[in-house]
Amino acid sequence: MSKKNVFIIQLNAVLLLLGYWLMHSVVSLVLGQSGRNFSIIYDAFQAAVSVYVLFICRKDFFVENGRSFLSFYSILLVLYSLRMFIDMGVGPFANVIPQSWFINDLLYTVVGTFLTVWSVITSRKWININKVVTLVFWMGLVTTLAVIVNLRTMGLSTMYEDERMDAGQGLGTLALVKIGAILVFSAVHLLLNNKNKFVFKAIYILGIIIGGWLMLASGSRGGVVGTVLALGIYFLASSRRNVFMIGLSVAAIVILLINIVPILDWVSDYFPVFGQRMLNTILEDDQGSRDAIRAEAIRVTLEHPLFGYSYRLFPSPTGFRAHNGILEVFIALGIPIGLVFTYFVYIKGFVMAYKKMIDRRFFFPTTFAVFSLVSSFSSASISN
């Protein structure tokens with residue numbers, strides 16, 4: 001494998017995580033706005049890179065024995081893709097919503113996400129985690145700074161005090177919290193693994209601060225909770241051979257839980273939207289009507305238990321998912337596949353991440369895996 005191809009493999013993985021958001025943030029910064037045409041151009045570019053990676057790594061297309069997690073996930077992507085194609089023709093919304101909506105969903109999910117995931121799985125033997133994380137950090141830092149400058153230019157830099165932050169095309173509140181989490185995890189990973197000069201360490205610390213601010217300013221609860229839990233679990237797992245550190249960790253968790261309301265009151269002074277939403281969740285069990293959406297998802301799942309109902313839950317252009325990553329699979333593929341999915345992805349995936357946390361070289365993939373699993377309970381799973 002040539003050095004050029006090895007670099008393209010690393011770049012392909014980074015583009016899957018940040019490329020789309022980086023493109024929109026930079027285009028908005030340069031041109032003042034971004035739009036759907038740029039999304040189409042970028043999707044075509046990423047698809048081309050992914051196809052190239054699939055080609056140069058074609059000998060590893062089929063996952064070897066002993067990698068059941070990757071094998072199942074590859075099969076899951078195929079099944080979900082088939083469900084989307086079937087729904088376009090004979091699904092419950094086939095004659096209810098425009099065909100253009102189905103095509104948009106297919107392009108975004110199958111071409112824009114699944115194709116790159118397949119290419120990353122196929123190129124698994126050539127991926128260098130530290131190189132990927134280094135690229136992720138710098139791209140994440142550029143993306144975050146571009147978002148902040150754009151907001152200031154538009155006079156929206158204090159939006160987070162009144163409502164959930166939205167930076168425009170492709171950079172809604174859920175995207176912003178993920179960008180912030182990626183920046184935080186990658187910065188901590190580089191601090192733990194790289195023996196850089198002081199100036200680089202200062203930049204990494206700055207990345208943690210900026211990423212943390214963006215997450216809280218986004219107003220998204222699930223992403224912030226996912227980050228806190230991921231870091232907490234990593235700290236526990238990485239120190240599990242040290243009795244004193246375990247005791248200290250448990251004590252810190254207990255103190256945090258006891259003082260959660262005062263802490264959130266303090267956070268509300270600086271990030272009122274996020275703080276109040278979290279307080280409402282804890283004190284009043286406010287789920288923003290998501291409980292009704294999940295109840296509907298459970299209902300259609302029980303009515304179509306074997307092969308599922310649809311990848312959609314409602315005939316709307318956006319917000320049609322179940323707001324729960326597990327239910328998303330149950331309604332699309334049925335209870336049997338849903339149970340297998342829960343085992344392989346959530347249970348086995350968490351155990352795999354936990355076991356690797358003892359080795360700090362795996363900080364980014366393990367913590368980001370836990371973040372993804374936790375945050376998916378209030379959003380989506382497969383496409384995220």
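Below you will find a few notes about this structure. For clarity, every value in this text was computed on a predicted model and none was experimentally measured.

**Concerning the overall build of the protein**
For the protein, the helix and strand inventory stands at 15 helices and zero strands. Oriented by its inertia axes, the alpha-carbon framework of the protein measures out at about 55 × 55 × 50 Å. Scored against the burial criterion, the 384 residues of the protein give a buried share of 48%. In the protein, the share of contacts with a sequence separation of at least 24, taken over all contacts with a separation of at least 6, comes to 75%. Counting every atom, the protein has about 18,900 Å² of accessible surface; 68% of that belongs to carbon and sulfur.

**Quick word on the nonpolar core**
Counting 57 residues, the largest nonpolar core has Leu176 and Phe185 as its most contacted members. If you list the elements that add at least two residues to this core, you get helix H1 (3–31), helix H5 (129–153), helix H6 (173–193), helix H7 (198–218), helix H8 (221–238), helix H10 (260–268), helix H11 (272–284) and helix H15 (363–375). For this core, the leading source of residues is H6, giving 12 residues. Among all residues touching phenylalanine 185, those that are not within four sequence positions of it are Thr227, Ala230, Leu231, Phe363, Phe364, Thr367, Phe368 and Phe371. Val63, Val300, Tyr309 and Ile382 belong to the second largest nonpolar core, which has 40 residues in total.

**Let's talk about the packing of H6 against H8**
The interhelical angle for the contact between H6 and H8, taken along N-to-C directions, is 20°, at an axis separation of 9 Å. Of the possible angle classes, the one that applies to H6 and H8 is roughly parallel. Here H6 runs over H8; the crossing is right-handed. Contact residues: Val177, Ala181, Phe185 and Leu192 in H6; Gly223, Val224, Thr227, Ala230, Leu231 and Tyr234 in H8. Looking at the contact of H6 with H8 residue by residue, the classes come out as eight nonpolar, two polar and no charged.

**Considerations on the pattern of salt bridges**
Taken as a whole, this structure holds eight salt bridges when the rule is applied. Here lysine 125 ties to aspartate 60 by a salt bridge, and the two come within 3.1 Å at their closest N and O atoms. Of this pair, lysine 125 sits in the loop between helix H4 (99–122) and H5 while aspartate 60 sits in the loop between helix H2 (36–56) and helix H3 (68–90), placing them 65 residues apart in sequence. Residue aspartate 60 is classed as buried on the basis of its relative accessible area of 15%. One salt bridge in this structure joins arginine 299 and glutamate 303, with 2.6 Å as the shortest N-O distance.

Here is what the cut-offs are and how they apply
Residues numbered from 1 in each chain as written. Predicted model: local features only at pLDDT ≥ 70, side-chain atom pairs only at ≥ 80, totals over all residues. Heavy atoms only, no water. Helix = DSSP H or I, 4+ residues; strand = E, 2+ residues; numbered from the N terminus. Buried < 20%, exposed > 50% of the residue type's maximum accessible area, 1.4 Å probe, protein only. Contact = heavy atoms within 4.5 Å. Areas by Shrake-Rupley, 256 points an atom, 1.4 Å probe, with all protein chains shown as cover. Core = buried A, V, L, I, M, F, W, Y, C linked by side-chain atoms within 4.5 Å. Axes fitted to C-alpha atoms, helices over the stretch in contact; angles between N-to-C directions. Parallel < 35°, antiparallel > 145°, perpendicular 65-115°, else oblique. Left-handed = near helix turned anticlockwise from the far one by under 90°. Nonpolar A, V, L, I, M, F, W, Y, C, P; charged D, E, K, R; others polar. Salt bridge = Lys/Arg side-chain N within 4 Å of Asp/Glu carboxyl O.

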